[in-house]
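# Structural characterization, general
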Amino acid sequence: MLTVKILGSGCANCKKLEAVAREAAASAGLEAEFIKVTDMKTIMTYDLLSTPGLVINDKLVSSGRIPTQAEVRQWLTA
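As the structure is a computational prediction, the values presented were derived from the model and not from experiment. (Residues numbered from 1 in each chain as written. Predicted model: local features only at pLDDT ≥ 70, side-chain atom pairs only at ≥ 80, totals over all residues. Heavy atoms only, no water.)

The strand order β2-β1-β3-β4 describes an open sheet built from 4 strands, whose pairing is mixed. Every interior strand has two partners, whereas the edge strands, β2 (32-37) and β4 (59-63), have only one. Strand-to-strand twist of the sheet, defined as the mean angle between neighbouring strand axes without regard to direction, takes the value 20 degrees. As judged from the 4 bridges shared by strand β1 (residues 2-7) and strand β3 (residues 53-56), these two strands associate in the antiparallel manner. In the sheet register, I6 faces β3, and the bridge partner there is L54. Those strands touched by helix α1 (residues 12-28) are β1, β2 and β3, and its axis lies near 160 degrees from that of β1. (Pairing = 2+ DSSP bridges. Helix = DSSP H or I, 4+ residues; strand = E, 2+ residues; numbered from the N terminus. Axes fitted to C-alpha atoms, helices over the stretch in contact; angles between N-to-C directions. Contact = heavy atoms within 4.5 Å.)

With that settled, the discussion passes to the confidence of the model for the chain. For the chain, mean pLDDT is 95; residues scoring 70 or higher make up 100% of the total. Considering each helix and strand of the chain separately, the mean pLDDT is smallest for helix α2 (residues 40-44), with a value of 93, and largest for β3, with 98. (pLDDT = per-residue confidence, 0-100.)

The next point concerns unusual backbone geometry. The omega angle of the peptide bond from T51 to P52 is 0 degrees, so this bond is cis rather than trans. On the secondary structure map, P52 appears in the loop between α2 and β3. The phi dihedral of N57 falls on the positive side, at around 50 degrees, and the residue is not glycine. Position of N57 relative to the elements: it lies in the loop between β3 and β4. Despite not being glycine, D58 shows a phi value in the positive range, around 65 degrees. Tracing the chain through its elements places D58 in the loop between β3 and β4.

Listed below in structure tokens is the structure:
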């Protein structure tokens, strides 16, 4: 099972990123555990320049923007 982390303070963009990631996983038929990370010390361990951030299996794949569902699906299936 994949581990998907949404890094951010819980702002509107963070929630939008989580929704896009959940839809991408569902459309690809993948099981994933979604974790919201709001603690700034934990977020900074991922070398993130700006939020929201998307981490898949402990690898930062996106930061500072909301990727498309197709991009997220590609990262999830890689």
